[in-house]
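# Structure at a glance
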Amino acid sequence: MKNPSSGTGGVPARLAVLAGACAALMGMGLALRHRARSVRAAAELAAAHEARQARLAAQARQLEHDLRSPIGAMAVALELLRTSDDGAVQREAVAVLERQVARMTSLTERLHEFARGLDD
């Protein structure tokens, strides 16, 4: 016999619909949590990338400065070699050139390491 208050579906049918709706809501909740985790992970990756880019930019600025300094000293030493007849001044200018060439060699090695870091 049919339950008159149950309309067309009866209690088991209503329970099945309710169970289906609950399952759908739980599935949506899981999907939303998964999406929130994905969004958080993407934000963390973006922040890490920005921090790395800032570090690399700072290192590049420092390397540029470090490369310009010995070039300036070498230019002055060359000018002294061209214009001075004093042997002591010329010897000092040669010593400056030797030190700055060694410094430039070290800096180019650092630049190479920096460039390798860009590939990582």
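Residues numbered from 1 in each chain as written. Predicted model: local features only at pLDDT ≥ 70, side-chain atom pairs only at ≥ 80, totals over all residues. Heavy atoms only, no water.

### Observations regarding the overall build of the protein chain
For the protein chain, the count of helices and strands is 2 helices and 0 strands. The C-alpha radius of gyration computed for the protein chain amounts to 37 Å, which surpasses the reference 14 Å derived for 120 residues by more than 25%, pointing to a less compact arrangement than a globule. The principal-axis extents of the C-alpha atoms in the protein chain amount to approximately 125 × 15 × 10 Å. For the protein chain, the residues scored as buried account for 13% of the 120 residues in total. Put simply, 60% of the contacts in the protein chain that link residues at least 6 apart link residues at least 24 apart. Counting only carbon and sulfur atoms, one obtains 64% of the accessible surface of the protein chain, whose full area is about 9300 Å². Here the protein chain holds 16 positive side-chain charges and 13 negative ones, and the gap between their average locations is 23 Å. (Helix = DSSP H or I, 4+ residues; strand = E, 2+ residues; numbered from the N terminus. Rg over C-alpha atoms; globule rule 2.2 N^0.38 Å. Buried < 20%, exposed > 50% of the residue type's maximum accessible area, 1.4 Å probe, protein only. Contact = heavy atoms within 4.5 Å. Areas by Shrake-Rupley, 256 points an atom, 1.4 Å probe, with all protein chains shown as cover. Lys, Arg positive; Asp, Glu negative; His and termini not counted. Charge placed at Lys NZ, Arg CZ, Asp CG, Glu CD.)

### Looking at a nonpolar patch on the surface
There is a patch of nonpolar side chains on the surface, built from Val11, Leu15 and Leu18 and spanning about 290 Å² of accessible area. Looking at the secondary structure, you find Leu18 in helix 1 (residues 10–83). (Patch = residues over 30% accessible without salt bridge, like charges linked within 9 Å, V, L, I, M, F, W, Y side chains within 5 Å. Salt bridge = Lys/Arg side-chain N within 4 Å of Asp/Glu carboxyl O.)

### Some words on the environment of Val96
Along the polypeptide, Val96 turns up in helix 2 (residues 87–119). Taking the relative accessible area as the measure of exposure, Val96 reaches 16% and is therefore buried. As a C-alpha pair, Val96 and Leu78 span 18 residues in sequence and 9.4 Å in three-dimensional space. With residues up to four places along the chain from it excluded, the contact list for Val96 reads Ala73 and Ala77.

### Quick word on the pattern of salt bridges
Tallying each qualifying case throughout the model produces 4 salt bridges. Close ionic contact of Glu79 with Arg82 constitutes a salt bridge, the shortest N to O distance being 3.6 Å. With a gap of 3 residues between them, Glu79 and Arg82 both fall in helix 1, about one helical turn apart. Using a relative accessible area of 40% as the deciding quantity, one classes Glu79 as partly exposed. Since its relative accessible area comes to 63%, Arg82 is described here as exposed.

### What about the packing of helix 1 against helix 2?
Each packed pair of helices is defined by two parameters, the angle between the axes and the distance between the axes. Orientation of helix 1 relative to helix 2, taken along the N-to-C sense of each, is 160°, at an axis distance of 9 Å. Relative to helix 2, the element helix 1 is oriented roughly antiparallel. In this structure, helix 1 meets helix 2 at a crossing whose hand is left-handed. In terms of residue class, the contact of helix 1 with helix 2 is made up of 23 nonpolar, 6 polar and 4 charged. (Axes fitted to C-alpha atoms, helices over the stretch in contact; angles between N-to-C directions. Parallel < 35°, antiparallel > 145°, perpendicular 65-115°, else oblique. Left-handed = near helix turned anticlockwise from the far one by under 90°. Nonpolar A, V, L, I, M, F, W, Y, C, P; charged D, E, K, R; others polar.)

That is the geometry; function is a separate question.
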